[in-house]
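Structural description and commentary
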Amino acid sequence: MAIRNIRTEEDQILRRKSREVTKFDKRLFQLLDDMAETMYAAPGVGLAGVQVGTLKRVAIVDIGDNLIEVINGVVIKTEGTQVEIEGCLSVPDVYGKVERPEKVVVSYLDRDGIQKEVSAEGLLAVALCHEIDHFEGILFRDKVIEYINLEDVEEGQENQQI
Ligand code: NI
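A tally of regular secondary structure across the protein chain gives two helices and eight strands. Reading the helices (α) and strands (β) of the protein chain from amino to carboxyl end gives α-β-β-β-β-β-β-β-α-β. Here the protein chain has a C-alpha radius of gyration of 15 Å; the compact-globule value for 162 residues is 15 Å, and the two agree. For the protein chain, with 162 residues in total, the buried portion stands at 48%. The contacts in the protein chain between residues at least 6 apart in sequence include a share of 70% that link residues at least 24 apart. Carbon together with sulfur atoms contributes 44% to the accessible area of the protein chain, which is approximately 8,200 Å² in total. Averaging the locations of the 19 positively and 31 negatively charged side chains of the protein chain gives two centres separated by 10 Å.

Structure (structure tokens):
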């Protein structure tokens, strides 16, 4: 495994759309393993392929209990709304309130190409929506309702960049 370089906002690749994954091979496994190492080292709770310079619809999320590898993820159901503070590893030290669905169901493929679904709420729902936005070249900044001063960010929250 290897830590990859996390691209930041000034890199225009973050604005490009990622392509669907069609090959579930060693190259993909290497990417996923490297992304996990990179995310945990940052530290963060989510990371999309484009953030390490790969325009593939792959993302990983771990809000502290379980690593999920979300390939070709699509939100297929939403319920309610929540407004939470978000940060992004590609937009360092910037935090803001974003409105997201309170609950989501995301359909995706795992690393073996098997179709899966995850039902999520709270931070996991936020993280999944944030990552799927990365697939489209959308940054959380585009959706911020209100920016939060770094000193007003709760302890621990700074480790929850997505
Ligand atoms: Ni992000």
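That shown, we press on.
Take the coordination of the nickel ion next. Surrounding the nickel ion are the protein donor atoms Cys88 (SG), His130 (NE2), His134 (NE2) and Ile162 (O), at 2.1 to 2.2 Å. Classification of the site at the nickel ion as irregular follows from its four donor atoms and the range of 87 to 143° in their angles at the metal. Taken in chain order, the donor set of the nickel ion reads C-x41-H-x3-H-x27-I. Pair noted here: Cys88 is in strand S4 (residues 82-88) and Ile162 is in the segment after strand S8 (144-148), with a separation of 74 residues, a long-range link.

Moving on, we get to the nonpolar core. In terms of nonpolar packing, the biggest core is built from 31 residues, with Val104, Val106, Leu128 and Phe140 touching the most fellow members. Sorting the residues of this core by element identifies strand S2 (58-61), strand S3 (68-79), strand S5 (91-100), strand S6 (103-109), strand S7 (115-121) and helix H2 (122-135) as the ones contributing at least two each. Looking at this core, the element that brings in the most residues is H2, giving eight residues. Counting residues in each nonpolar core, the second largest holds 14 residues, with Leu28, Leu31, Leu47 and Leu109 among its members.

Each pocket or cavity is described by its volume, and for the largest pocket that value is around 160 Å³. Forming the boundary of the largest pocket are Arg19, Glu20, Val21, Thr22, Lys23, Asp25, Arg27, Leu28, Leu55 and Lys56. Grouping the constituent residues of the lining of the largest pocket by class yields three nonpolar, one polar and six charged.

With that out of the way, let us pick up the sheet that holds S7. Taken in spatial order, the five strands make up an open sheet running S1-S2-S3-S6-S7, and their pairing is antiparallel. The sheet is open, and its two edges are formed by strand S1 (46-48) and S7, each paired on a single side. Taking the axes of each pair of neighbouring strands and ignoring which way they run, one obtains an average angle of 35° across the sheet. Bridge count between S1 and S2: three bridges; the pairing is antiparallel.

With that out of the way, let us pick up helix H1 (residues 26-41). Since the α-helix turns once every 3.6 residues, residues separated by three or four places project in the same direction. Between the first and last C-alpha of H1 there are 22 Å, a value that for 16 residues agrees with the 22 Å anticipated at 1.5 Å per step. Listed as buried for H1 are Leu28, Leu31, Leu32, Asp34, Met35, Ala36, Thr38 and Met39. The elements touched by buried residues of H1 are S1, S2 and S3.

Conventions and cut-offs
Residues numbered from 1 in each chain as written. Predicted model: local features only at pLDDT ≥ 70, side-chain atom pairs only at ≥ 80, totals over all residues. Heavy atoms only, no water. Helix = DSSP H or I, 4+ residues; strand = E, 2+ residues; numbered from the N terminus. Rg over C-alpha atoms; globule rule 2.2 N^0.38 Å. Buried < 20%, exposed > 50% of the residue type's maximum accessible area, 1.4 Å probe, protein only. Contact = heavy atoms within 4.5 Å. Areas by Shrake-Rupley, 256 points an atom, 1.4 Å probe, with all protein chains shown as cover. Lys, Arg positive; Asp, Glu negative; His and termini not counted. Charge placed at Lys NZ, Arg CZ, Asp CG, Glu CD. Donors = N, O, S within 2.8 Å, 3.2 Å for Na, K, Ca; no water. Tetrahedral: all angles 85-135°; square planar, octahedral: opposite > 155°, others 65-115°. Core = buried A, V, L, I, M, F, W, Y, C linked by side-chain atoms within 4.5 Å. 1 Å grid on protein atoms, 1.4 Å probe; cavity = no way out; pocket = protein on both sides within 12 Å on 5 of 7 lines; lining within 4 Å. Points joined across faces, edges and corners; volume = space filled by probe spheres on them. Nonpolar A, V, L, I, M, F, W, Y, C, P; charged D, E, K, R; others polar. Pairing = 2+ DSSP bridges. Axes fitted to C-alpha atoms, helices over the stretch in contact; angles between N-to-C directions. Expected span 1.5 Å × (residues − 1).

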